[in-house]
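Residue-level listing of the chains:
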Amino acid sequence: MDEKYFAKKIEDKWQKKWAESRAFEIDIDDARPKFYQLEMLPYPSGNLHMGHVRNYSVGDASAWYKRLKGFNVLHPIGWDSFGQPAEDAAIKRGANPRDWTEENIKAMRGQMERLGLSYDWSRQMAAHRPEYYKFDQWFFLNMYEMGLAYKKLTQVNWCEFDQATLSNEQASGGICWRCGSAVTKKNLDQWFLKTTAYADQLLDDMKEIEAGWPANVLKRQRDWIGRSEGAYVEFPVRTAYSSGDVQPAAIAEGSDKIKVFTTRIDTIYGVNAVVAAAEHPIVQGHLGEFSPDVLAKIKEIKIEKLKPADRETEIEKDGIDTGLKAVNPFSGEEVPVWVGNYVMMEYGTGAVMSVPAHDERDLEFAKKFGLEIKQVIVGSQRPAVSGQPKLEEVFSDYGSLIDSGEWSGKTSEDAKREMAVYAEKHGFGEAATTYRLRDWGVSRQRFWGSPIPIIYCPTCGIVPEKYENLPVRLPDTAPFTGTGESPLAKVPEFYETTCPKCGEPAKRETDTMDTFVDSSWYYFRYLDPVNSELPFSPEAAAYWTPVDQYIGGDDHAVMHLIYTRFWTKVMRDIGLVKFNEPVKRLLAQGMVVGETFYDDESGKRAYYPASNVTVERDVKGRATGARSTDGTSLKWAIERMSKSKGNGVDPDEMIEIYGADAARLFILFAAPIENELVWNESGIEGSVRFLQRVWRIVWKWQAVLSVAPASAGGLGVLDAELQPPAAGGGSDMARKLRQKTHQTIQRITENLEHLQFNTPVAALMELSNAITDLKAEPDQASEAEVFAVKEAIVSLIIMLAPFAPHTAEELYSEFAGNSDGMLANGVRFPDSDLSLTRAEEIEIPVQVNGKLRSRVMASPESSDEELREMALTDEKIREYTDGKEIVKVVIVPKRLVSIVVKG
RNA sequence: GCUGGGGUGGCGGAAUUGGUAGACGCCCAGGACUUAAAAUCCUGUGCCUUUAGGGGCGUACGGGUUCGAUUCCCGUCCCCAGUACCA
């Protein structure tokens, strides 16, 4: 053993040993419980960033812990290797996407290995390899047969900056998930996967995973799916130019109708208008009857809607009375039909019934245009009023109905149910459920993705490729222009084919699949990575899945995590798996962020690396001013770490300076894993110091440690050589250290089971401090003391393994007498002996009138009466109680004594 | 605006879910070792006050419940995230 801790030396040694001994490669083993530890796979950009390091450090700690606990742990990694950056590199630098990607994978795997991550590399998958994307296509064909994949012409989300199509999830909030620029609309013929067919299951199955997923992720998915229960109601329509009194029933026959969706059919007697979207068929169908004013307004609204939405400003409500009239089928009342900019064609039916008294948006609209406001629901907050007052505020609660014909007096709940039934019975409506969730648009006009296995035949139409012809391979290259048209459309060797049905010349689909398809099922491929018949064998899936622990950023809450839940349900229906939910426990880690400095004079942010910036700070360390070395005044922010923003720390550099173990230890120690982590360099040195301290402890006691011959299994080493001192025997010092050791084991075990990673590091530090604080010397220590020290050190080393595996392995080899590694030696995480965690003397605080006044030492077994006596006779306490009346004494066993005095 | 989460030393963060607030680490100060420095080790470190022992205040702010509140309840302010007219 070296006297000093040389991180680089031991890290190289153990990385080599692990690889040679295939320490982390595993197989199905029915004798042991399995544990599937999964982390979100990276895009092979060429460089790991600190967010990855954090993600993979947590995952690795979890994997090590479970291994040491005796589980058969599957811990794989792979590559989300289809996607835009490869194609951008091709456009900008003429790089071949395949070569570029493979090189990046090689580089990043090297970084992961230098971090010492314990992956089973034999199971690695990469999305861009034909062996993998063959099964993207296999799934697509299955879904096509199941009626879950279909094509339609539609307005898609379009990112002008990236020249790319986006799914609704990727365009959430009107901004591109990749580059953050505003999303516009474009008409395209697209393939869709029917996620809506599983909308109810996606919602209802949440109860199976509620216990293991962060509440906010489930909430966001719930909001995204947006199930809303209500009713459809049809309003008969006639034009303003029809003359004479017409009965509602007469209008309904052979005339136009406008259908609305409402969640509050109980308020229908308060309707003052029907408001339709500008694109609504009823509006488009009557354009010829509208006045020039109306036509102008419709055009204006449509133009406004195509513009990218500005997140900050609220759009003012606007609209116009079309002159059309609609008839309320419940009351027979005639109301105007308006066009409104606040009604969306994409949701519900594209038209709403406006009830200003009970809906905020309708109220705003009615106020602006001076429309009638009629209250039809009363509640305790909004009592019945005589006549119709001017309503300033909306009343959207449930209550009971007034002025609603035969329904008056009913509660909202009853009315909602009964009125929907009534509408259905009379043929003008029905109870209905709508969703915000749309089908998943998967077509991308891109080269670097999985080709969609569809053929267009002049005679047979849309024909799916045959399974035996899969994979439909990408050509080696294509003309890359980045113009928004698929490069494959310019490669005749690719698209020219024959129809699988009639054998005549036909054309392939040239769009490729959204890369979220790849990540929807990648972690099933790890189970059976070389299967060429099926994506994976159902037997392997039955053993390993569902995933026990998944770790990744929560930015994927409504993208990847909703797609993969959908995909799992499809796989279940195909018969590949037997469960509804693929992930039992999810941990959403916080981002790693750093301070950035930039100049946005030109409209776009130009970032300056921190080394070129002089910063003024206030007493709290917050920036108050920043200037670049050339004198430019800069703005500053806290942003996600990245190389391009100049606030990134390169993992390789960090490993070089501090070592992988110290880096990993620090990133886990610095903050709770779900918090955002603001990177600062100085803390990491504390981790290095800690590892050095542990090293010195072992160095100091090595003579004692190596006495024991190697024997199987963790602390078993101790039993072979030394007997624990008899109960109550041994020195006070030895007893206290044993107590600390076992308390630490208990704490760390609990913490790790609850996915806390910062507090166990603190506990390890405390234990190492406790060993250092012993004033004992190895050559003078009693047998009991040697035992206690050895137990503490061995426990410390084993429990260090999840956080700093190289160091732990090297120190363990010191007393194992071999360098086979902990796992080969059958090491187990220590168990705590509860009888040792208890102290024989504890400090009991004593309060007088709620204020801490003294402490007394007592045995944990002290009776209430003894504690009361000790507290009341305590000298310091008597200063506060003498001459006063003792009203009450509260005694919490083993905790505290509280005395209440008066006078 | 709505929904959710949160506000604890100079900083990151602990605190058995009503029972000694500030564990652990960073920063900082003093000391030991050294010709010197680095490293290491030791001591101190919430604020105010006191010669000392001690005392007072303190978990965003104001109230409440309780012997006792960072923890529970009510109100106010602020921060972060998600969301954007979803009928």
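Right above here is the structure, for reference.
Residues numbered from 1 in each chain as written. Chains lettered and ligands numbered in written order. Predicted model: local features only at pLDDT ≥ 70, side-chain atom pairs only at ≥ 80, totals over all residues. Heavy atoms only, no water.

## Quick look at unusual backbone geometry
Right, on to step 1. Of the consecutive residues Leu 470 and Pro 471, the connecting peptide bond is found in the cis state with omega at 0 degrees.
Right, on to step 2. Examined against the element boundaries, Pro 471 turns out to sit in the loop between strand S18 (461-464) and helix H14 (492-495).
Right, on to step 3. At Gln 163, a residue that is not glycine, the phi angle is positive and equals roughly 55 degrees.
Right, on to step 4. Mapped onto the fold, Gln 163 is located in the loop between strand S3 (149-159) and strand S4 (164-166). (Helix = DSSP H or I, 4+ residues; strand = E, 2+ residues; numbered from the N terminus.)

## Let's talk about the pattern of salt bridges
Right, on to step 1. Applying the stated rule across the entire model yields 46 salt bridges.
Right, on to step 2. Glu 753 is the partner of Lys 66 in a salt bridge, and the nearest nitrogen-oxygen pair spans 3.9 Å. You can see Lys 66 sitting in helix H2 (residues 50-68) and its partner Glu 753 sitting in helix H22 (residues 732-753), a full 687 residues away along the chain.
Right, on to step 3. Using a relative accessible area of 11% as the deciding quantity, one classes Lys 66 as buried.
Right, on to step 4. Measuring nitrogen to oxygen at the nearest pair gives 3.0 Å for the salt bridge that ties Arg 129 to Glu 102. One end of the pair, Arg 129, is in the loop between helix H4 (97-115) and helix H5 (130-145); the other, Glu 102, is in helix H4, with 27 residues separating them in the sequence.
Right, on to step 5. What emerges from the salt-bridge pattern is a single network uniting Asp 200, Asp 204, Arg 227 and Glu 229. (Salt bridge = Lys/Arg side-chain N within 4 Å of Asp/Glu carboxyl O. Buried < 20%, exposed > 50% of the residue type's maximum accessible area, 1.4 Å probe, protein only.)

## Here's the deal with the environment of Glu 333
Right, on to step 1. On the secondary structure map, Glu 333 appears in the loop between strand S9 (319-327) and strand S10 (334-340).
Right, on to step 2. Separated by 474 residues in sequence, Glu 333 and Thr 807 have C-alpha atoms that sit 81 Å apart.
Right, on to step 3. Not counting residues within four places of it along the chain, the set of residues in contact with Glu 333 comprises Val 271, Ala 326, Val 327 and Asn 328. (Contact = heavy atoms within 4.5 Å.)

## Side note on helix H24 (residues 783-800)
Right, on to step 1. Taking 1.5 Å of rise per residue, the 18 residues of H24 would be expected to cover 26 Å, and the 26 Å separating its terminal C-alpha atoms lies within 8% of that figure.
Right, on to step 2. Most of H24 is tucked away: 17 of the 18 residues are buried. (Expected span 1.5 Å × (residues − 1).)

## Section: the packing of aromatic side chains
Right, on to step 1. Here the structure, examined in full by the defined rule, presents 46 aromatic pairs.
Right, on to step 2. Plain terms: the ring middles of Tyr 342 and Phe 365 are 5.0 Å apart, the flat faces sit at 55 degrees to each other, and that makes the pair tilted. Of this pair, Tyr 342 sits in the loop between S10 and strand S11 (351-354) while Phe 365 sits in helix H12 (residues 360-369); the two residues are 23 residues apart in sequence, bridging distant segments of the chain. Residues Tyr 342 and Phe 365 agree in their burial class; the two are buried.
Right, on to step 3. Between the aromatic rings of Trp 440 and Tyr 563, the centroid separation amounts to 3.7 Å while the plane-to-plane angle is 10 degrees, which identifies the pairing as stacked. In this pair, Trp 440 sits in strand S15 (residues 440-441) while Tyr 563 sits in helix H17 (residues 560-574), placing the two residues 123 residues apart along the sequence.
Right, on to step 4. By relative accessible area, which is 0% here, Trp 440 ends up buried.
Right, on to step 5. Taken together, the aromatic side chains of Tyr 132, Phe 135, Trp 138, Phe 139, Trp 177, Tyr 198, Trp 440, Phe 516, Trp 521, Tyr 563, Phe 566 and Trp 567 make up a single cluster linked through ring pairs.
Right, on to step 6. Lying across the ring of Trp 64, Arg 67 places its NZ or CZ 5.6 Å from the centre.
Right, on to step 7. One Lys or Arg, Lys 317, reaches over the ring of Tyr 342 and ends 5.4 Å from the middle of that ring. (Phe/Tyr/Trp six-rings, centres within 6.5 Å; stacked < 30°, edge-to-face > 60°. Lys NZ or Arg CZ within 6 Å of the ring centre and 35° of its normal.)

## Observations concerning the sheet that holds strand S5 (residues 183-193)
Right, on to step 1. Here we have 4 strands laid out as an open sheet, ordered S4-S3-S5-S15, and antiparallel in their pairing. What marks the edges here is a single partner per strand, and that holds for S4 and S15.
Right, on to step 2. Both S5 and S15 contribute to a ladder of 2 bridges, which runs antiparallel. Across the sheet, Phe 192 pairs through a bridge with Gly 441, a residue of S15. (Pairing = 2+ DSSP bridges.)

## Quick notes on the protein's contact with RNA strand B
Right, on to step 1. Taken together, 54 residues form the shell around RNA strand B, and within it Thr 263, Lys 317, Arg 361, Ala 670 and Arg 895 come nearest.
Right, on to step 2. Sugar plus phosphate, as a fraction of atoms of RNA strand B within 4 Å of the protein: 62%.
Right, on to step 3. Interatomic distance of 2.8 Å between a side-chain N/O atom of Glu 766 and a sugar or linking oxygen of RNA strand B.
Right, on to step 4. At a separation of 3.2 Å, a phosphate oxygen of RNA strand B approaches a polar side-chain atom of Arg 853. (Near = heavy atom within 4 Å. Polar contact = N/O pair within 3.5 Å; in protein donor to acceptor, adjacent residues only side chain to side chain.)

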